[in-house]
Amino acid sequence: MQEGIKNHIESKVDEVEQVITESSLWDKLVSFLEFRLIDFTYGAADETHHIVLKVKYVLLVALVMIVTSFILRWSRRLITKNMPEHNKAKFITVFSFARWIIYLIVILIVFDSIGINVTGIFAASAALLIGVGLALQTLFQDIISGIFILIDQSVHVGDIIEIEGKVGRVEEIKLRTTRAVTIDNKVLIIPNHLYLTNSLYNWTQNGTLTRESVSVGVAYGSDVQLVKKLLLQAASTHDNVLSSPEPVVVFSDFGNSSLDFKLIFTISDSFRATFPKSDIRFEIDRLFREHNITIPFPQRDIHIIQPNKD
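In this numbering scheme, every chain counts its residues from 1 along its sequence in written order. Only residues with pLDDT of at least 70 get local features here, since the model is predicted, and only at 80 or more are side-chain atom pairs given and counted; chain-wide, interface and lining totals rely on the full set of residues. Side-chain numbers here rest on the full set of heavy atoms in the structure, without hydrogens or water.

Asks: How would you summarise the sheet that holds strand 7 (residues 200–202) if you had to cite specific residues and measurements?
Replies: Spatial ordering of the open sheet is given by 6-5-4-3-7, a layout of 5 strands whose pairing is antiparallel. The open sheet has two edge strands with one neighbour each: strand 6 (187–191) and strand 7. When strand polarity is set aside, the average angle formed by the axes of neighbouring strands in this sheet is 40°. By the convention used here, strands pair only if DSSP detects at least 2 bridges between them. Counting from the N terminus, the helices are the DSSP runs of H or I reaching at least four residues and the strands are the DSSP runs of E reaching at least two. Pairing of strand 4 (residues 166–173) with strand 5 (residues 177–181) involves 4 bridges; the strand directions are antiparallel. From the neighbouring strand, Glu172 faces strand 5, where its bridge partner is Arg179. Between N-to-C directions, angles span 0 to 180 degrees; the directions come from axes that are lines fitted to C-alpha atoms, helices contributing only their stretch in contact.

As structure tokens, this is what we get:
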């Protein structure tokens, strides 16, 4: 019987020691969570702000961000599940920018919910935020412009565009810049805000067929019907000029030194229009020489008036 009492007492002692140990671990955990990473006060004497950042707040923010990231990833997959590939790429690009805005909003809501003075944080870093805002002004302008481009679809990959006198075929549209390749195989990086501040010419938005023209002047007294015939011949014999619609010749003006004509024709690859236009000019020069049609130099008549000696 004494042995049983002894064992019962020893078991109770073990239980008490275990409770003490567990209580000690819990206290350590609570002490760790309550540890203050940031604790400072700022402001004038009549109005002070106290900012405290504890470990538990950091862990809470991390947990909320993980949950938010999971929800955003799940939402993106659900929305783009049955979306066409070209629209899916545009949506993902815009979504990648909107995701960071959502993260910022969630963090501010969490800070406000746990009692951190968000207004105080912004007030303390006002000068820094102003400097960062000025430095990133053009960056955000490019990003917003990129979103507009993706939404209104004014430019697509493969389009031939002209902006600020530069021509290129669009290879990639990113959120901040558009990548295009020029006819001489140089990469053209276009900040997206230029689309909003400059005139943009999209050569292929209405299709790949474009109307091109070559202008030429001939001497006064030339047979204009023969000139028209030779110009049409120069265009129709070129492999890259389409037969439908047919090339046309426009008698554009009576110039100061020449009769001005414009040869208009259609090609299927406007990106390389420089080469067929050059070939047609060579052919026009050859045909004009064969038929003795002169391309005149600029001429000026000078009248010298002799002063009256009387």
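On we go.
Asks: Pulling in residues and values, what's your account of helix 8 (residues 224–236)?
Replies: Any helix carries an expected span of 1.5 Å times its number of residues minus one. Here helix 8 spans 18 Å end to end across 13 residues, near enough to the 18 Å set by a 1.5 Å rise per residue. Type-normalised accessible area, obtained with a 1.4 Å probe on protein chains alone, sets the label of each residue: buried when under 20%, exposed when over 50%, and partly exposed for intermediate values. The complete set of buried residues in helix 8 reads Val227, Leu230, Leu231, Ala234 and Ala235. When helix 8 is viewed along its axis, its buried side chains cluster within an angular range of 135° and face the same direction. Of the exposed residues in helix 8, those oriented more than 90 degrees away from the buried face are Gln225 and Lys229. Any N or O atom pair separated by 3.5 Å or less is treated as a polar contact, with the protein-specific requirement of one donor-capable and one acceptor-capable atom, and with residues adjacent in sequence counted only for side-chain atom pairs. Backbone nitrogen of Gln225 and a side-chain oxygen of the N-cap are separated by 3.2 Å at the start of helix 8; the cap is Asp223. Arc definition: directions from the helix axis to the C-beta atoms.

Asks: Tell me about the nonpolar core, residues and numbers included.
Replies: Nonpolar cores are built from buried Ala, Val, Leu, Ile, Met, Phe, Trp, Tyr and Cys residues. Side-chain atoms within 4.5 Å join them into one set. Counting 21 residues, the largest nonpolar core has Leu231, Phe261, Leu263, Ile280, Ile284 and Phe288 as the members making the most contacts within it. The set of elements that each furnish at least two residues to this core consists of strand 8 (210–218), helix 8, strand 10 (259–267) and helix 9 (274–290). Of all hydrophobic cores here, the second largest spans 16 residues; its members include Ile143, Ile149, Ile190 and Tyr195.

Note that every value here comes from positions in space, so none of it alone points to a role or purpose.
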